[in-house]
Amino acid sequence: MRAAKEFQDRQRETKTRSSVRGVRLPTASRSANGAVSGNANSAKSFANFRRSLLKWYDEHRRDLPWRQTRDPYRIWLSEIMLQQTRVAAVLEHYRIFLERFPDVYALFAASEDSVLAAWSGLGYYRRARMLHQCAKEIVERHGGSFPQSSEVLRQLPGIGRYTAAAIASIAFSEPVAVVDGNVERVLRRLSGTELTKEQDWQQAQAMLAPSRPGDFNQAMMELGATVCVPREPRCLLCPVRKCCVTQGDLPREAPASPQKKRQIWCALQCSSVDGGTNAKVRLVQRSRKESLMPGMWELPNSMEAPRATPYFAHWRTFRHSITVTDYTVHVLRGAPARDATFPGDSVAAKARWVAIDRIPHIPLTGLARKILRAGGLI
Ligand code: SF4
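On a predicted model such as this, the values are computed, not experimentally measured, just so you know.

### Section: the pattern of salt bridges
Between side chains of opposite charge, pairing is possible as soon as their charged atoms come close. Applying the stated criterion across every chain, the model contains 16 salt bridges. In this structure, the salt-bridge partner of K55 is E59, at a minimum N-O distance of 3.4 Å. Of the two residues, K55 and E59 are both situated in helix α2 (residues 40-60); the distance of four residues between them amounts to about one turn of the helix. Exposure class is identical for K55 and E59. Each is exposed. Residues R74 and D71 are paired through a salt bridge, measuring 3.8 Å at the closest nitrogen-oxygen approach. Look at R74 and you get partly exposed, because its relative accessible area is 29%. Through salt bridges with shared partners, one network takes in D58, R212 and D215.

### Quick word on the sheet that holds strand β3 (residues 297-298)
One open sheet accounts for three strands, arranged β3-β2-β7; its pairing is antiparallel. Edge strands, defined here as strands with exactly one partner in the open sheet, are β3 and β7 (352-355). With two bridges connecting them, strand β2 (residues 280-285) and β3 associate as antiparallel partners. The residue of β3 that forms the bridge with Q285 is W297.

### Observations concerning the site of the ligand
Close to the ligand lie R189, V227, C228, C235, C238, R241, C244, Q247 and G248. A per-class count over the shell around the ligand returns five nonpolar, two polar and two charged.

### With respect to the packing of aromatic side chains
Both the distance between ring centres and the angle between the ring planes are used here to describe each pair of aromatic rings. Taken as a whole and assessed by the stated rule, the structure comprises six aromatic pairs. Ring centres 5.1 Å apart and planes at 80 degrees place the aromatic pair W66 and Y94 in the edge-to-face group. One end of the pair, W66, is in the loop between α2 and α3 (72-82); the other, Y94, is in helix α4 (residues 87-100), and 28 residues separate them in sequence. Among the residues examined, W66 registers a relative accessible area of 7% and is labelled buried. When the centroid spacing of 6.0 Å and the interplanar angle of 85 degrees are considered together, the rings of F97 and W119 count as edge-to-face. In this pair, F97 sits in helix α4 while W119 sits in helix α6 (residues 112-119), placing the two residues 22 residues apart along the sequence. The pair formed by F97 and W119 is uniform in burial state, with each residue classed as buried. Members of the aromatic cluster, each reached through a chain of ring pairs, are Y73, W76 and F146. The ring centre of W201 lies 4.1 Å from the NZ or CZ of R161, which sits over that ring.

About the thresholds
- Residues numbered from 1 in each chain as written.
- Predicted model: local features only at pLDDT ≥ 70, side-chain atom pairs only at ≥ 80, totals over all residues.
- Heavy atoms only, no water.
- Salt bridge = Lys/Arg side-chain N within 4 Å of Asp/Glu carboxyl O.
- Helix = DSSP H or I, 4+ residues; strand = E, 2+ residues; numbered from the N terminus.
- Buried < 20%, exposed > 50% of the residue type's maximum accessible area, 1.4 Å probe, protein only.
- Pairing = 2+ DSSP bridges.
- Near = heavy atom within 4 Å.
- Nonpolar A, V, L, I, M, F, W, Y, C, P; charged D, E, K, R; others polar.
- Phe/Tyr/Trp six-rings, centres within 6.5 Å; stacked < 30°, edge-to-face > 60°.
- Lys NZ or Arg CZ within 6 Å of the ring centre and 35° of its normal.

Interpretation in functional terms is not warranted from these geometric data alone.
What follows is the structure in structure tokens.
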């Protein structure tokens, strides 16, 4: 309650001071026929805004692989990988995925397990399943060519309003705006007003540069990712500062809700002491009915501390996050070539010895990959 009142007070203050700060950009409104209203002044304000933003983007954008192409397949893949995932985490996966599945036909022909294997470590595996389904639909219903309009793209599996607009504007220059979390924040700070979701879309559409829609959309997102950042916006470096009413003078965003904490014990057991390509590791497959990572392979594990055993000894402790949970992971290393049951583990009986050279081809959880890498086994 107190935070909400403080926010309202700050908003009121911001509005009062707006005349001595940036110039307010016109707010879009739509008539009954859906057209965005505007006049000569608003056209001029938007033109200034676009010019400043695009000039900055041309000079300062990060050099990312998906910005060197207009191939809809590559753009689509990057957009799906970037959902809820940091750019740094995506880069290597993007490269490896494209090596394995260089076009939509390769993805169409792949098994779901091999798609999940290539996705392993990126998390949110539903995205990979939808990607695979979408590739099938593009080949079977669209002859292998991506639809060029955002409306038709939106009907494909795993493609929502944002992704459809991103692909259509970047790959096909359709003049359609995108709104993601970064754009929402930029719009809120530019106007000093809380907009509804739909108003965000209307405002972004009104501001869009029709001659360079893909670049404009990426510039808005880049601004939010690198300058108008959540906690401390870098207003002194901002190319559109003159158009910004708040210039960062809004209450800081509330910190994200704290992650849950859990402990887990994992058993790492290899058929030979020093690994090698002929070696095998014990893995277990998650049930296909699990809501999280169904059907994926992992190390035998338990959420309870195991009983002492002569076959397993504590090896390392890791931190690992899965969606909203931070895990402390205790890894116990097992004696080689012994089918010892991992203490406290109810699924160890189903564990199988899997050859190390098979591992790149099976869908492995990110945690299992991390542990096997740390053990020098992959
Ligand atoms: S960085 Fe500062 S000046 Fe630029 S849009 Fe964000 S709040 Fe406004």
